[in-house]
Amino acid sequence: MTIKSQTDKVFGVVNHACHKIGRSPESVSVIAVTKYVDHKVASQLVEAGVRHIGENRVDQFLEKYEALKANDNELTWHLIGSLQRRKVKDVINLVDYFHALDSIKLAQEIQKRAQHKIKCFLQVNISGETTKHGFSIEELEDALPELEQCDHIEIVGLMTMAPFGANETTLVNIFRQTKLLQETLRDRRIKNMPMTELSMGMSSDYQLAIQEGATFVRVGTAFFN
Ligand SMILES: *Cc1c(COP(=O)(O)O)cnc(C)c1O
């Protein structure tokens, strides 16, 4: 299949999932995760209509950004993977959305290096898997006062990664808990936390995530296989 037809297929799935539950497809941003491909393939995605690019590693992010940014300022750039503190300065001011804010120390480094307000998702570890990054619900509660001090960070929402291979019941459970937490935090009206967005859903579960309220889905494999 060509990149164009794969892209049409992914957007078709998104439209279908939205219509099924009466959501507008415009309420979901589809991030094409380009970590599996080079910038030439990434630019074919852009030609096919992709407007959000996501990378999980800093070096790959910078490579794609350099190659594509020059001829397209319509694109929105997402860094979706965990970020080492020493790399914050190399990348954070180029990123439109950072999806993996998972510690207070990282927030403080972003605060220090930011040249404008940086839109971030707090990564939450709802499943409790020890291998996963992210704040547990309890840790998050403790972290809020510190995060509130970081006025160069705008916390737009929550991001979660479901366990690999989880069944539908588990996935729905995780997505629902994440949404509940997002709404609870949003309703507290903390100054730098509009908390209106939900970044959840990958190739194997983005339909389900959309049905459970995702506003950003991070889709890689489905564009390329
Ligand atoms: C790779 C990656 C994705 C996309 O995964 P696919 O299963 O290929 O769709 C989403 N989020 C993060 C953080 C990733 O690293």
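Note that residues are indexed from 1 along each chain, following the sequence as it is written. In keeping with the model being predicted, local features are shown solely for residues with a pLDDT of at least 70 and side-chain atom pairs are shown and tallied solely at 80 or more, while totals for entire chains, interfaces and linings include all residues. Side-chain numbers here rest on the full set of heavy atoms in the structure, without hydrogens or water.

Draft legend 1. Representation of helix H1 (residues 3-20) in the model. Put simply, DSSP H or I for four residues or longer makes a helix, DSSP E for two residues or longer makes a strand, and each gets a number counted from the N terminus. Expected helix span is taken as 1.5 Å per residue step, with the number of steps being one fewer than the number of residues. The end-to-end C-alpha distance of H1 is 26 Å, a good match for the 26 Å that 18 residues give at a rise of 1.5 Å each. Every buried residue belonging to H1 is among Ile3, Gln6, Thr7, Val10, Val14, Ala17 and Cys18, and all of these are buried. Each buried residue of H1 sits inside an arc of 115 degrees when the element is viewed along its axis, so together they form one side. Among the exposed residues of H1, those pointing more than 90 degrees away from its buried face are His19 and Lys20. Should any heavy atoms of two residues lie within 4.5 Å, those residues are considered in contact. For H1, the secondary structure elements touched by its buried residues are strand E1 (29-33), helix H2 (39-47), helix H8 (206-211) and strand E8 (216-219). Think of it in three bands: with a 1.4 Å probe and only protein chains considered, a residue is buried below 20% of the maximum accessible area for its type, exposed above 50%, and partly exposed in between. In this description, one arc is meant: the one made by directions from the helix axis to the C-beta atoms.

Draft legend 2. Fine view of empty space enclosed by the protein. Of the grid points, spaced at 1 Å and generated over the protein atoms alone, those admitting a 1.4 Å probe that cannot get out make up cavities, while open sets with protein on both sides within 12 Å along at least five of seven lines make up pockets; any residue with an atom within 4 Å of a point is treated as lining. Grid points are joined across faces, edges and corners, and a volume is the space filled by probe spheres set on the points. For the structure shown, the criterion picks out one cavity of 30 Å³ or more. Roughly 30 Å³ of internal volume is contained in the largest cavity. What lines the largest cavity is simply Gln123, Val124, Asn125, Ile126, Ser127, Lys132, His133, Thr160 and Met161. Classification convention: Asp, Glu, Lys, Arg as charged; Ala, Val, Leu, Ile, Met, Phe, Trp, Tyr, Cys, Pro as nonpolar; all other residues, Gly among them, as polar. Of the residues belonging to the lining of the largest cavity, the class tally is three nonpolar, five polar and one charged.

Draft legend 3. Layout of the pattern of salt bridges. Salt bridges are defined as contacts in which a side-chain nitrogen from Lys or Arg sits within 4 Å of a carboxyl oxygen from Asp or Glu. Enumeration over the complete set of coordinates arrives at nine salt bridges. Here Lys4 ties to Asp8 by a salt bridge, and the two come within 3.2 Å at their closest N and O atoms. On the criterion of helical spacing, the pair formed by Lys4 and Asp8 is a turn pair, its members being four residues apart in helix H1. A salt bridge links Lys64 to Glu55; its shortest N-O distance comes to 3.0 Å. The exposure class of Glu55 is buried, given its relative accessible area of 0%.

Draft legend 4. Region of the structure containing the UniProt feature "modified residue: N6-(pyridoxal phosphate)lysine" (unreviewed entry) in the protein. UniProt's entry tags Lys35 with the feature "modified residue: N6-(pyridoxal phosphate)lysine" (unreviewed entry), counted in the numbering of this structure. Inspection of the secondary structure puts Lys35 in the loop between E1 and H2. Contacts of Lys35, omitting those with residues within four sequence positions, involve Gly54, Glu55, Asn56 and Gln60. UniProt positions are given in the numbering used here, feature names are shortened, and annotations may be inferred rather than shown by experiment.

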